[in-house]
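Descriptive structure summary
Take a look at the letters that make up each chain.
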Amino acid sequence: MKLNYNPTEFYKAHLARDPRFDGKFFVAVKTTKIYCRPICPARKAKLENLEFYIHAAQAEAAGYRPCLRCRPETAPGSAAWIGTSATVRRAIRIMDSLALEELSINELATKLGIGERWLRELFQQQVGASPQAILLSKKLDAARNLLDTSTLSITDIAFSSGFQSVRRFNAAFKLRFQKTPSDFRHIPFLDEALRIQLSYRPPYAWKSILTFFSNRVIAQVERVENNTYQRLITYNEIHGWFSAKLCEKNKIEFEFKLNKNANILEFVTRLKNIFDLDCDPMSIEHTLGEDEKLRPFLKQSSGLRIPGCWDGFELAIRAIVGQKISVKAAHTILGRIVENCGERQLLDSSLKVTHFFPTPERILGADLSNIGLTSSKIATIKSLATAVANKTIVLDGTANFAETCQRLLAIKGIGLWTMEYIIMRALRDPNGFPETDLELQKKIKKLQLSPHKWIPWRAYAAILLWNINLKGTLCKQNPFLQN
């Protein structure tokens, strides 16, 4: 499925090499059988020699191979090709979380509660490519990036990218890139840490998101210094750390170290979630700008992102602890929780961070009575930990959205504000909006704003409003007023 829009408009964006369109569509050249990103520095072909696709997998299915110069596999993701269906979005998230070769389409459909045939039809209608093609494309993208930026062996890269056989990995890689994995090996780094660079669409308010994390840092788990964010991480049986810093050419570089080979797709997905790397600033600004009274603040605060989280359970605990108390008080208590039941890191003695955030199981086994929490909040935290441990509640975005919201609200001590906050930052809903938030209500009334005009980007409007004081200027010292 090619784009159902006027190709002339996309050709203009292609000629402009505007990075704001990067990843939103791909340009295929009929004469060379190569497809590129719209920002590719190569000489531009005539419109009649081009085809446009919304996903790389579509171009490859049509017989095109990726450009080795602009590397389409490194383009930021786009909501445009995920489609409008909540089912398709969940399917994409499940692929990112599992990404295993043995994950059959039937198993994927079962997890979604629909038939296999209907799932295939949904993907063809909304994405224009089969689920298998999307999954294979994601795995090969991850492998290609690791070949350039890591010291992992080709065997380790094959398994880290979700392949269960080196032979099948080599065959799929050569079919897509017309070269073997060994042809892409670069000079290895001298240290043991790995590096990977992920793209974003400019502008990016890096200082604002670092300030947000800095104001809420749990010192034992994370640090912000020298324009860099660092934290300890756990998922499944993986323990490790990563640091993130802004680099050139609209990319963020991540240095990381894991205790063993891991599903790199899930790792990359979590990194993207934290820094909102698939955000489309142009579309967001266009929609929010329809509210004329909000428009002046957009110009002053360009490139805002929704600060995400590494783990949905951790974010939910932060939200519960932060109810009705200051940011500073909340993070004093969170630090005590981490010291009380968080596992101490033994990966690297040179790290200044010392503990992993506790798992649900560790919180359930801990005594939280002497760390400054009320008995009701302790009960709420324990109830949430029980629900997450037994998978009644899943906070990674792969579960049914409406059911997750209902189950959160069913826990005594979790109200609308807490649920909405979790939706926005953990479940990554761009339209999530904590409408019960008193600060937001006050500013909407004071500035005479129109929230109905912000759909489907209300979460970004919330971030923007939290960053505005009632005198009509941006807050410089403490952006993002909520916990």
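Residues numbered from 1 in each chain as written. Predicted model: local features only at pLDDT ≥ 70, side-chain atom pairs only at ≥ 80, totals over all residues. Heavy atoms only, no water.

1. Examining the overall build of the chain
Counting its secondary structure elements, the chain contains 21 helices and nine strands. Radius of gyration (C-alpha) of the chain: 23 Å, near the 23 Å computed for a compact globule of 483 residues. With the C-alpha coordinates aligned to their principal axes, the bounding extent of the chain is approximately 70 × 50 × 50 Å. Relative to its 483 residues, the chain shows a buried fraction of 56%. Restricting to contacts in the chain with at least 6 residues of sequence separation, those with at least 24 account for 67%. When the accessible surface of the chain is split by element, carbon and sulfur atoms take 51% of a total near 21600 Å². (Helix = DSSP H or I, 4+ residues; strand = E, 2+ residues; numbered from the N terminus. Rg over C-alpha atoms; globule rule 2.2 N^0.38 Å. Buried < 20%, exposed > 50% of the residue type's maximum accessible area, 1.4 Å probe, protein only. Contact = heavy atoms within 4.5 Å. Areas by Shrake-Rupley, 256 points an atom, 1.4 Å probe, with all protein chains shown as cover.)

2. Overview of empty space enclosed by the protein
Using the criterion set out here, one finds two cavities of 30 Å³ or more in the structure. Here the largest cavity defines a volume of roughly 170 Å³. Every residue lining the largest cavity is counted, 20 residues in all, and those nearest its centre are Phe-213, Gly-308, Glu-314, Arg-318 and Arg-425. Looking at the lining of the largest cavity, the elements that each hand over two or more residues are helix 10 (206-215), strand 7 (228-235), helix 14 (312-321), helix 15 (327-341) and helix 19 (416-425). With four residues, helix 14 is the largest single contributor of residues to the lining of the largest cavity. When the residues that make up the lining of the largest cavity are grouped by side-chain class, the tally is eleven nonpolar, three polar and six charged. Every residue lining the second largest cavity is counted, 13 residues in all, and those nearest its centre are Ile-284, Leu-298, Ser-301, Gly-303 and Leu-304. (1 Å grid on protein atoms, 1.4 Å probe; cavity = no way out; pocket = protein on both sides within 12 Å on 5 of 7 lines; lining within 4 Å. Points joined across faces, edges and corners; volume = space filled by probe spheres on them. Nonpolar A, V, L, I, M, F, W, Y, C, P; charged D, E, K, R; others polar.)

3. Observations concerning the confidence of the model for the chain
Chain-level statistics for the chain give a pLDDT mean of 88 and a share of 92% at 70 or above. Per-residue pLDDT stays below 50 along residues 477-483; that stretch engages in 32 contacts with residues further than four places along the chain or on separate chains. (pLDDT = per-residue confidence, 0-100.)

4. Overview of the pattern of salt bridges
Within the structure shown, the criterion is met by 27 salt bridges. With a closest N to O distance of 2.5 Å, Glu-60 and Arg-176 form a salt bridge. Note that Glu-60 is positioned in helix 2 (residues 56-61) and Arg-176 in helix 9 (residues 166-177), a separation of 116 residues in sequence. Of the charged contacts, one joins Glu-314 and Arg-231 as a salt bridge, the two residues approaching to 2.9 Å between their closest N and O atoms. Taken together, the positions of Glu-314 in helix 14 and Arg-231 in strand 7 put the pair 83 residues apart, joining distant regions of the chain. (Salt bridge = Lys/Arg side-chain N within 4 Å of Asp/Glu carboxyl O.)

5. Let's talk about the pairing of strand 7
Residues in a regular strand project their side chains so that they alternate between the two faces of the sheet. Of all the eight residues making up strand 7, eight are buried; the element is thus mostly covered by neighbouring parts of the structure. Taking every second residue as pointing to the same face, both faces of strand 7 are buried, with Thr-228, Gln-230, Leu-232 and Thr-234 on one and Tyr-229, Arg-231, Ile-233 and Tyr-235 on the other. Note: strand 6 (residues 222-225) against strand 7, four bridges, orientation antiparallel. Among the inter-strand pairings, Arg-223 is bridged to a residue of strand 7, identified as Gln-230. Taken together, strand 6 and the strand that follows it, strand 7, pair antiparallel across an intervening segment of two residues, in which Asn-226 is found at a positive phi of about 55 degrees. Relative to strand 8 (residues 238-247), strand 7 is paired through eight bridges, and the arrangement is antiparallel. Residue Tyr-235 lies in a different strand from strand 8, and its bridge partner there is Ile-238. (Pairing = 2+ DSSP bridges.)

6. Comments concerning the side chain of Arg-428
Residue placement: Arg-428 occurs in the loop between helix 19 and helix 20 (438-447). Within the structure, Arg-428 has its side chain in polar contact with the side chain of Asp-276 (distance 3.2 Å). Not counting residues up to four positions away in its chain, the partners in contact with Arg-428 are Arg-93, Asn-273, Asp-276, Ile-306, Pro-307, Gly-308 and Ile-423. (Polar contact = N/O pair within 3.5 Å; in protein donor to acceptor, adjacent residues only side chain to side chain.)

7. Things to note about the packing of aromatic side chains
A ring pair, where both rings are aromatic, is described by two values, the distance of the centres and the angle of the planes. Following the criterion strictly, the structure yields 29 aromatic pairs and no others. Over the ring of Tyr-64 we find Lys-33, and its NZ or CZ is 4.1 Å from the ring centre. Stacked on the ring of Phe-184, the Lys or Arg Lys-179 has its end atom at 5.8 Å from the ring centre. (Phe/Tyr/Trp six-rings, centres within 6.5 Å; stacked < 30°, edge-to-face > 60°. Lys NZ or Arg CZ within 6 Å of the ring centre and 35° of its normal.)

8. So, the packing of helix 4 (residues 86-97) against helix 7 (residues 131-149)
Contact geometry for helix 4 and helix 7: axes closest at 10 Å, N-to-C directions at 40 degrees. Viewed along their axes, helix 4 and helix 7 adopt a mutual orientation that is oblique. Helix 4 and helix 7 meet at a crossing whose hand is right-handed. Listed contacts from helix 7 to Ile-92, Met-95 and Asp-96 of helix 4 are Pro-131, Ile-134, Leu-135 and Lys-138. (Axes fitted to C-alpha atoms, helices over the stretch in contact; angles between N-to-C directions. Parallel < 35°, antiparallel > 145°, perpendicular 65-115°, else oblique. Left-handed = near helix turned anticlockwise from the far one by under 90°.)

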